[in-house]
Amino acid sequence: MTNINYPNITELAKHFNRPILIFDLETTGLMNVMPVGIVEMAILVILPDGRIKSFLRRFHPGIPIPWTATKVHNIKDSDVKNLDKFDKSIHHFEKKKKN
């Protein structure tokens, strides 16, 4: 493969004529240490034409958020107490994917 230098990710999407998806999760911790719940999910889609779509959503993790996780992402139990769990909200992402 040829070594190609891309100054930014929009040029990479344009070069391959494909969207590039960047995905980030905030959770309650590490799976190998304790049970984990998803607290926040962010998606960034860079389209080949240079447009950028973004999506951000928080969820109730189904378990208490440890103070060690809150220290990392600054999301507290009180911030998500009335929100749906991730598995109840996944349909929302499916609708976004179709748009």
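See above for the structure.
From a predicted model like this one, the values you see are computed outputs, not experimental measurements.

1. Structural notes on the overall build of the chain
When you go through the chain residue by residue, the secondary structure sums to 4 helices and 3 strands. Taken from N to C terminus, the helices and strands of the chain fall in the order α-β-β-β-α-α-α. Sequence separation of at least 24 residues holds for 42% of the intrachain contacts in the chain that already meet a minimum separation of 6. By element, 55% of the accessible surface of the chain is carried by carbon and sulfur atoms, the whole surface being about 7500 Å².

2. Here's the deal with a nonpolar patch on the surface
Together, Ile-9, Ile-22, Leu-44 and Ile-52 line one region of the surface with nonpolar side chains, adding up to about 300 Å² of accessible area. Within the secondary structure layout, Leu-44 lies in strand β2 (residues 38–46).

3. A short note on unusual backbone geometry
Note on backbone geometry: most residues besides glycine have negative phi, and most peptide bonds are trans. Here Asn-17, not a glycine, exhibits a phi torsion of approximately 50°, which is positive. Inspection of the secondary structure assignment puts Asn-17 in the loop between α1 (9–16) and β1 (20–27). The backbone of Asn-74 shows a phi angle near 65°, a positive value even though the residue is not glycine. The topology assignment puts Asn-74 in the loop between α2 (67–73) and α3 (77–80).

4. As for the pattern of salt bridges
Pairs can form between side chains of opposite charge whenever their charged atoms are close. For the structure shown, the criterion picks out 2 salt bridges. A salt bridge links Asp-49 to Arg-51, with the shortest nitrogen-to-oxygen separation between them at 2.8 Å. A relative accessible area of 46% places Arg-51 in the partly exposed class.

5. Re the sheet that holds β2
Picture the strands of a sheet paired through backbone hydrogen bonds; they go either parallel or antiparallel. Reading across from one edge, β1-β2-β3 is the order of the 3 strands in this open sheet, with antiparallel pairing throughout. Of all strands in the sheet, those with a lone pairing partner are β1 and β3 (52–58), marking the two edges. Across the sheet, the mean angle from the axis of one strand to that of its neighbour is 10°, orientation sign disregarded. One ladder, built from 8 bridges, connects β1 with β2; its direction is antiparallel.

6. Notes on the environment of Pro-48
Relative to the assigned elements, Pro-48 resides in the loop between β2 and β3. The sequence separation of Pro-48 and Pro-19 amounts to 29 residues, and the corresponding C-alpha distance is 5.8 Å. Residues within four places of Pro-48 in sequence aside, it is in contact with Ala-13, Lys-14, Asn-17, Arg-18 and Pro-19.

So, how was this worked out
- Residues numbered from 1 in each chain as written.
- Predicted model: local features only at pLDDT ≥ 70, side-chain atom pairs only at ≥ 80, totals over all residues.
- Heavy atoms only, no water.
- Helix = DSSP H or I, 4+ residues; strand = E, 2+ residues; numbered from the N terminus.
- Contact = heavy atoms within 4.5 Å.
- Areas by Shrake-Rupley, 256 points an atom, 1.4 Å probe, with all protein chains shown as cover.
- Patch = residues over 30% accessible without salt bridge, like charges linked within 9 Å, V, L, I, M, F, W, Y side chains within 5 Å.
- Salt bridge = Lys/Arg side-chain N within 4 Å of Asp/Glu carboxyl O.
- Buried < 20%, exposed > 50% of the residue type's maximum accessible area, 1.4 Å probe, protein only.
- Pairing = 2+ DSSP bridges.
- Axes fitted to C-alpha atoms, helices over the stretch in contact; angles between N-to-C directions.

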